[in-house]
2 protein chains.
Amino acid sequence: MHYKATIRVTLRPSVLDPAGVAVRSGLQQLGYASVANVRIGKYIELELEADNDAEARHQVDRLCDQMLANPVIEVYKFEVVALEAARR
Amino acid sequence: MHYKATIRVTLRPSVLDPAGVAVRSGLQQLGYASVANVRIGKYIELELEADNDAEARHQVDRLCDQMLANPVIEVYKFEVVALEAARR
């Protein structure tokens, strides 16, 4: 079956986020004074083939662990939805 | 009131995604042969103060348009949830 995964990779809460700090000060200069705790991460969409939901989730978990996220400083969350029968 | 926004900024479908292409070939080399259509975007979390939901959504929409997304090549989606009464 054909699946679509949406993955969010973010820095661990304990890790300083310089990009987030820079964006926050930029937004504050634009007048968004109340904006706080800006955290910037990666948002990844991809499609893959798998026999069933569990196998799709297993593949996505493994590829996040192996390549898309650095487990030392990042955490990841993902959703997997079946699109339709495998593309002919 | 105190709100949390989660924002996803992605390239317009018509825009080539070199980072996505690179990640896909990397994943395929790792053995994930069926992975396709990899698209890489930004995932942003932030907090802000607003009088009500509508105003919070309006602020987030404006700050996405003004700073977080490049409307020429990117589109954005966001969710806004009330956290609790404004922090004292």
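Residues numbered from 1 in each chain as written. Chains lettered and ligands numbered in written order. Predicted model: local features only at pLDDT ≥ 70, side-chain atom pairs only at ≥ 80, totals over all residues. Heavy atoms only, no water.

1. As for the overall build of chain A
Then, in step 1: When helices and strands are tallied, chain A shows two helices and three strands.
Then, in step 2: Listed N to C, the secondary structure of chain A is β-α-β-α-β in terms of helices and strands.
Then, in step 3: Viewed in the frame of its principal axes, chain A has a C-alpha envelope of about 50 × 30 × 15 Å.
Then, in step 4: Within chain A, the fraction of its 88 residues that count as buried is 40%. (Helix = DSSP H or I, 4+ residues; strand = E, 2+ residues; numbered from the N terminus. Buried < 20%, exposed > 50% of the residue type's maximum accessible area, 1.4 Å probe, protein only.)

2. A short note on the packing of aromatic side chains
Then, in step 1: Here the structure, examined in full by the defined rule, presents two aromatic pairs over all chains.
Then, in step 2: Here A:Tyr76 and A:Phe78 contribute two aromatic rings whose centre-to-centre distance is 6.4 Å and whose plane-to-plane angle is 20°, an arrangement assigned as stacked. (Phe/Tyr/Trp six-rings, centres within 6.5 Å; stacked < 30°, edge-to-face > 60°.)

3. Some remarks on the sheet that holds strand 2 (residues 36-49) of chain A
Then, in step 1: Ordered by their spatial adjacency, six strands build an open sheet running 3(A)-1(A)-2(A)-2(B)-1(B)-3(B), and the pairing between neighbours is antiparallel. Of all strands in the sheet, those bounded by a partner on one side alone are strand 3 (74-82) of chain A together with strand 3 (74-84) of chain B. Each strand axis lies, on average, 20° off the axis of its neighbour in the sheet, ignoring direction.
Then, in step 2: Each of strand 2 of chain A together with strand 2 (36-49) of chain B touches helix 1 (residues 18-29) of chain A; the most contacted strand, strand 2 of chain A, lies at about 120° to it. (Pairing = 2+ DSSP bridges. Axes fitted to C-alpha atoms, helices over the stretch in contact; angles between N-to-C directions. Contact = heavy atoms within 4.5 Å.)

4. Overview of helix 1 of chain A
Then, in step 1: Here helix 1 of chain A is 12 residues long and its end C-alpha atoms lie 17 Å apart, about the 16 Å a rise of 1.5 Å per residue gives.
Then, in step 2: Among the residues making up helix 1 of chain A, those that are buried are A:Gly20, A:Val23, A:Gly26 and A:Leu27. Axial view of helix 1 of chain A: buried residues confined to an arc of 125°, hence all on one face. The outward face of helix 1 of chain A, more than 90 degrees from its buried face, is lined by the exposed residues A:Pro18 and A:Gln29.
Then, in step 3: Elements that come into contact with the buried residues of helix 1 of chain A comprise strand 2 of chain A together with strand 2 and helix 2 (53-68) of chain B.
Then, in step 4: Just downstream of helix 1 of chain A, A:Gly31 is the residue with a positive phi angle, here 105°. (Expected span 1.5 Å × (residues − 1). Arc of directions from axis to C-beta.)

5. A few points about the interface of chain B and chain A
Quoted interface sizes are often the accessible area lost when the parts come together.
Then, in step 1: Facing the 30 residues of chain B at the interface are 30 residues of chain A.
Then, in step 2: Approximately 2700 Å² of surface area, both sides summed, lies buried where chain B meets chain A, with 63% of it carried by carbon and sulfur atoms.
Then, in step 3: Viewed at the interface, chain A and chain B are joined by zero salt bridges.
Then, in step 4: Viewed at the interface, chain A and chain B are joined by 16 residue pairs in polar contact (both at pLDDT 80 or more).
Then, in step 5: Broken down by secondary-structure element, the contributors of at least two residues to the side of chain B that touches chain A are strand 1 (2-11), helix 1 (18-29), strand 2 and helix 2 of chain B.
Then, in step 6: It is strand 2 of chain B that provides the largest number of residues to the side of chain B that touches chain A, a total of 14 residues.
Then, in step 7: Note that strand 2 of chain A and strand 2 of chain B share nine bridges and pair antiparallel. Following the sheet pairing, A:Lys42 is matched in strand 2 of chain B by B:Lys42. (Buried area = accessible area lost by both parts, 1.4 Å probe. Salt bridge = Lys/Arg side-chain N within 4 Å of Asp/Glu carboxyl O. Polar contact = N/O pair within 3.5 Å; in protein donor to acceptor, adjacent residues only side chain to side chain.)

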